[in-house]
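Here's the letter readout for the chains.
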Amino acid sequence: MIAVAVIVSFAVLAGLLLVPLCHSSNDRLVNVVIVNYELDPVDIYEADDNSNEVHIARLGPFDRVGGLAFWPNSRVVIRNALTGGFIRRTTVKKGDVLIETDGGLHRSPEDATESTTVSFVNREAFSKVVLSWVDYRGVPIQVAILAPGEEVTVATTVRHVFILSGEHDGKVLYEATIGSTSGVIGTTGPEENKDNALVVRVRNDSEEGVAFLWLDNDGVEHMMEQVAPGTTTTMTTYQSHRFVFRTNDGNVVRQCVIHPSTDEIRPSSC
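Per chain, the residues get numbers from 1 upward, laid out in the order the sequence is written. Whole-chain, interface and lining totals are the exception, using all residues; otherwise, since this is a predicted model, local features are given only for residues with pLDDT of at least 70 and side-chain atom pairs are given and counted only at 80 or more. Note that water and hydrogens are dropped before the side-chain values are worked out from all heavy atoms of the structure.

With an unreviewed UniProt entry as reference, the protein is termed von Hippel-Lindau disease tumour suppressor beta domain-containing protein, source organism Plasmodiophora brassicae.

Printed below as a string of structure tokens:
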């Protein structure tokens with residue numbers, strides 16, 4: 001840390017001595033703390049108008065340095081100290097007090113103190129999805145593979161990032177930054193908290209078989225099951241979820257919206 005302090009001191013001093021005369025008399029130096037949330041050491045640079053980069057400091061993993069003074073609109077560049085690879089570029093604004101290598105989306109295990117549990121559910125009709133945690137370098141780490149309708153509960157911490165993606169094409173279906181009340185997250189986004197779950201009977205009171213489908217937030221229908229005439233099944237769902245009954249030839253028989261008092265839905269009524 002002594003070497004870092006020396007580098008920082010000389011860099012800041014040089015910045016003060018080489019300040020261009022074009023700064024407004026109303027401008028004030030901005031004191032900034034920089035935090036490295038990467039697993040590798042990083043180098044901090046200040047870039048001039050010609051994109052020349054002046055080295056300011058090197059930070060180890062989860063290290064921080066304070067007391068850095070920048071003029072407003074100064075450009076700060078952060079690079080991986082081992083590879084030289086670009087990590088982040090930001091412009092210092094008036095009032096800034098903290099610059100984080102990850103933009104504030106992730107936290108180290110030591111800093112993420114608020115624990116929570118989150119359920120992830122695959123709402124795709126036919127395809128499996130991959131649930132991944134995005135590590136502190138932005139690399140997805142596979143947690144589970146979910147079949148259609150399958151749900152998994154994960155113990156994690158607030159501000160961690162997870163993605164749900166297609167098993168075969170890798171397409172990201174939803175990316176979530178965990179909050180303290182995230183509850184249930186599906187492939188179409190956050191859903192109602194599991195504490196508000198309802199058990200509802202699905203009864204086919206018609207004389208022909210019907211298709212029973214869930215209607216997601218984008219209006220896309222997802223097949224739940226085929227219900228034979230005169231049969232009843234049960235499901236766990238949530239308030240405001242929408243379902244559709246269709247005949248075998250595709251005609252809509254009825255659309256139902258789940259309410260707190262809903263205990264049964266059928267083609268003839270909700």
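Colleague: Can you walk me through the nonpolar core in this structure?
Modeller: The tendency in soluble globular proteins is for nonpolar side chains to be buried as a group. We define the nonpolar core as a collection of buried residues of types Ala, Val, Leu, Ile, Met, Phe, Trp, Tyr and Cys that are connected through side-chain atoms lying within 4.5 Å of one another. For every residue, the accessible area (1.4 Å probe, protein chains only) is compared with the maximum for its type, and the residue is labelled buried under 20%, exposed over 50%, or partly exposed between those bounds. Among the nonpolar cores identified, the biggest contains 15 residues, and Val-32, Ile-34, Ile-44, Phe-70, Val-76, Val-92 and Ile-99 are the most heavily contacted of them. Under the scheme used here, helices are H or I runs from DSSP no shorter than 4 residues and strands are E runs no shorter than 2 residues, and both carry numbers assigned from the N terminus. Elements supplying a minimum of two residues to this core: strand 1 (30–35), strand 2 (42–47), strand 3 (53–59), strand 4 (64–70) and strand 5 (75–80). Any two residues having at least one pair of non-hydrogen atoms within 4.5 Å are treated as being in contact. The contact partners of Ile-44, leaving out residues within four places of it in the chain, are Ile-34, Val-54, His-55, Ile-56, Ala-57, Leu-59, Val-76, Val-77 and Ile-78.

Colleague: What am I meant to see in the sheet that holds strand 12 (residues 161–166) here?
Modeller: Two pairing modes exist for strands in a sheet, parallel and antiparallel, and in both the strands are linked by backbone hydrogen bonds. At least two bridges found by DSSP between two strands is the condition for calling them paired. Pairing within the open sheet is antiparallel, and its 4 strands lie in the order 10-9-12-13. Looking at which strands have only one partner, the edges of the open sheet turn out to be strand 10 (140–146) and strand 13 (172–177). On average, each strand axis in the sheet is inclined to that of its neighbour by 20 degrees, with strand direction left out of account. Of the pairings in the sheet, the one linking strand 9 (residues 129–134) to strand 12 comprises 6 bridges and is antiparallel in character. In the strand pairing of strand 12, Val-129 is matched with Gly-166. Fitted lines through C-alpha atoms serve as axes, helices being fitted only where they are in contact, and the angles separating the N-to-C directions of these axes extend from 0 to 180 degrees.

Colleague: Even after reading the chapter, I still don't get the sheet that holds strand 1, so can you show me in this structure?
Modeller: With mixed pairing, the 3 strands of this open sheet are ordered in space as 4-1-7. Unpaired on one side and paired on the other, strand 4 and strand 7 (98–100) mark the two borders of the sheet. Neighbour-to-neighbour, the strand axes of this sheet turn through a mean angle of 30 degrees, independent of strand direction. Across 5 bridges, the pairing between strand 1 and strand 4 is antiparallel. Note on strand 4: the bridge partner recorded for Ile-34 is Val-65.

Colleague: Would you mind going over the environment of Asn-248 with me for this structure?
Modeller: Relative to the elements of secondary structure, Asn-248 occurs in the loop between strand 20 (242–247) and strand 21 (252–257). Residue classification places Asn-248 among the exposed residues on the basis of a relative accessible area of 58%. Through-space distance from the C-alpha of Asn-248 to that of Ala-211 is 6.8 Å; in sequence the pair is 37 residues apart.

Colleague: Where do I start with the packing of aromatic side chains in this structure?
Modeller: Stacked, tilted and edge-to-face are the three classes applied to pairs of Phe, Tyr and Trp rings, where Trp contributes its six-membered ring and a pair requires centres within 6.5 Å; stacked means planes under 30 degrees apart, edge-to-face means over 60, and tilted covers the rest. Per the counting criterion, the structure on display carries 3 aromatic pairs. Their ring planes at 45 degrees and their centres at 5.2 Å tell us that Phe-120 and Phe-162 sit as a pair that is tilted. Of the two residues, Phe-120 is situated in strand 8 (residues 115–121) and Phe-162 in strand 12; the sequence distance between them amounts to 42 residues. Accessibility expressed as a relative area gives 1% for Phe-120, which makes it buried. Measuring from ring centre to ring centre gives 5.2 Å for Phe-212 and Phe-245, while their planes differ by 40 degrees; the resulting arrangement is tilted. One end of the pair, Phe-212, is in strand 17 (residues 210–215); the other, Phe-245, is in strand 20, and 33 residues separate them in sequence. The same class applies to Phe-212 and to Phe-245, which are both buried. A ring is scored as having a charge over it whenever the NZ atom of a lysine or the CZ atom of an arginine sits within 6 Å of its centre and within 35 degrees of its normal. Lying over the aromatic face of Trp-214, Arg-123 brings its terminal NZ or CZ to 5.2 Å of the ring centre.

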